[in-house]
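Below are the chains, spelled out letter by letter.
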Amino acid sequence: MSWAIEIGLILLIVASVTAVALETVPDLFARYRVEFRRFDLFVTLAFSVEYVARVWAAPEARPDEPAWQARLRYMRSPMAVIDLVAILPFYLTLLMPLDFQLLRVLRLLRIYKLTRYSPALSVLMAVIREEAATLLAAFSILTILLIFAAAGAYMVEHEAQPDAFGSVPAAMWWSMVTLTTVGYGDVTPITPLGRVFGGAITILGVGMAALPAGIIASGLADHLHRRRDLLREEFRCALEDGQIDLGEGRKIEKLRRDLGISREIAHSIHQDVRRKQVQRSQCTCPQCGYEFQHIGDEE
């Protein structure tokens, strides 16, 4: 039953975001204005029921805490905030007059609710949280380079191009698109010294723009490795008696789904753990129980 509800919510999220996007088409919105409003009301009511149900059931995940404290802790969690933002625009229109275009953009944030049902998005969000300090340091370096590049471009180009490089804030547009290797080409240095300086900033920007991506990629690899280690440890504990019973199998399957690990990888981990346990049992003397070191372990 739970999987059916999850699939229904996923389809509702996708349909809601699609409807919000279609509302921006003037002809469609003028023709189906009433239908769009009714569908938005239905979606808001469904998400409101989901939000209230999750808040009410929060104490089940923390039975050692008072119910009100567990609910408050859940309401402050990132996913609960996303759920609240998904329904808040509708209720705000009932309380105060607001810009409809702004509310339309806020309703597009409902797509972030998919992170609860997508293992890949959940992993990415977890990696970003884990690497937040490192990413902050990288963006701090990028900010310093942005100011440095803008100041340098202002010094060498402000006389030749006072409109584009007349001040450091004005030169920041050029330094931003150059450091991010976008290079729109609408603002470029024209003096010889400015072109040399611009080339150096471009080369520097190639490496600096890849820095956050490298941090996330490294963190993602470490995070996935730790997840597989958790599943491997669960397999090892379950295979201590030589076989996996029904209860252990259900526990492992639930952990596999929670970790977002495919069945193929889980099967590979299972075979690897079983093979190592067989090797370990073959290296144990049946008479005295002494464990000999297997050659395969050294390899």
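Student: Where do I start with the nonpolar core in this structure?
Tutor: One broad trend across soluble globular proteins is that nonpolar side chains are buried collectively. One finds Ala153, Phe165, Trp174, Leu179 and Ile201 to be the most contacted residues of the largest nonpolar core, which totals 15 residues. Within the residue set of this core, elements represented by two or more residues are helix 8 (132-157), helix 9 (162-165), helix 10 (168-179) and helix 11 (192-238). With six residues, the single largest contributor to this core is helix 8. Discounting residues that sit within four places of it in the chain, Leu179 has contacts with Leu142, Leu145, Leu146, Ala149, Ile201, Gly205 and Ala209.

Student: I tried to follow the environment of Glu131 on my own but got confused; where do I start?
Tutor: Mapped onto the elements, Glu131 comes out in the loop between helix 7 (119-130) and helix 8. The exposure class assigned to Glu131 is buried, which follows from its relative accessible area of 19%. For the pair Glu131 and Ile215, spaced 84 residues apart in the sequence, the C-alpha separation amounts to 7.4 Å. Filtering out sequence-adjacent residues up to four positions away, Glu131 remains in contact with Ile215 and Gly219.

Student: Before we go on, may I ask you to explain the packing of helix 8 against helix 11 in this structure?
Tutor: Each pair of packed helices can be described by the angle between their axes along with the distance between the axes. The N-to-C vectors of helix 8 and helix 11 enclose an angle of 170°; their axes lie 11 Å apart at closest approach. When the interaxial angle is binned, helix 8 and helix 11 end up roughly antiparallel. Residues of the contact of helix 8 with helix 11, tallied by class, amount to 19 nonpolar, three polar and one charged.

Student: In this structure, what is going on with the side chain of Gln161? I would like to understand it.
Tutor: Relative to the helices and strands, Gln161 is located in the loop between helix 8 and helix 9. Residue classification places Gln161 among the buried residues on the basis of a relative accessible area of 16%. Side-chain polar atoms of Gln161 contact the backbone oxygen of Thr188, separated by 2.8 Å. If we ignore the near neighbours within four places in the chain, the residues touching Gln161 are Gly166, Thr188, Pro189 and Ile190.

Student: Sorry if this is basic, but what is going on with the pattern of salt bridges here?
Tutor: Any two side chains of opposite charge can pair if their charged atoms end up close together. By the definition in use, this model includes eleven salt bridges. Two residues, Glu50 and Arg54, come together in a salt bridge whose shortest N-O distance is 3.0 Å. Here Glu50 and its partner Arg54 are both found in helix 3 (residues 33-57), four residues apart, which amounts to about one turn of the helix. We classify Glu50 as buried; its relative accessible area is 8%. Classification of Arg54 by relative accessible area gives partly exposed; the value is 27%. In this structure, Glu253 and Arg263 form a salt bridge, with 3.4 Å as the shortest nitrogen-oxygen distance. On the criterion of sequence distance, the pair formed by Glu253 in helix 12 (residues 246-259) and Arg263 in helix 13 (residues 263-282) is long-range, its members being ten residues apart. A cluster of three or more residues bridged by salt bridges with shared partners is formed by Asp229, Arg232, Asp272, Arg275 and Lys276.

Student: How do you make sense of the layout of surface pockets when you look at a structure like this?
Tutor: Rolling a probe over the atoms, with the probe sized like a water molecule, indicates the empty space that remains. Estimates place the volume of the largest pocket at around 1400 Å³. In this structure, the largest pocket is lined by 34 residues; those nearest its centre are Arg54, Arg116, Tyr117, Ser122 and Asp258. Broken down by secondary-structure element, the contributors of at least two residues to the lining of the largest pocket are helix 1 (2-23), helix 3, helix 5 (78-95), helix 7 and helix 12. The biggest single contributor to the lining of the largest pocket is helix 1, with six residues. Per-class residue counts for the lining of the largest pocket are 17 nonpolar, six polar and eleven charged.

About the criteria used
Residues numbered from 1 in each chain as written. Predicted model: local features only at pLDDT ≥ 70, side-chain atom pairs only at ≥ 80, totals over all residues. Heavy atoms only, no water. Core = buried A, V, L, I, M, F, W, Y, C linked by side-chain atoms within 4.5 Å. Buried < 20%, exposed > 50% of the residue type's maximum accessible area, 1.4 Å probe, protein only. Helix = DSSP H or I, 4+ residues; strand = E, 2+ residues; numbered from the N terminus. Contact = heavy atoms within 4.5 Å. Axes fitted to C-alpha atoms, helices over the stretch in contact; angles between N-to-C directions. Parallel < 35°, antiparallel > 145°, perpendicular 65-115°, else oblique. Nonpolar A, V, L, I, M, F, W, Y, C, P; charged D, E, K, R; others polar. Polar contact = N/O pair within 3.5 Å; in protein donor to acceptor, adjacent residues only side chain to side chain. Salt bridge = Lys/Arg side-chain N within 4 Å of Asp/Glu carboxyl O. 1 Å grid on protein atoms, 1.4 Å probe; cavity = no way out; pocket = protein on both sides within 12 Å on 5 of 7 lines; lining within 4 Å. Points joined across faces, edges and corners; volume = space filled by probe spheres on them.

Any functional reading would require information beyond the geometric quantities listed.
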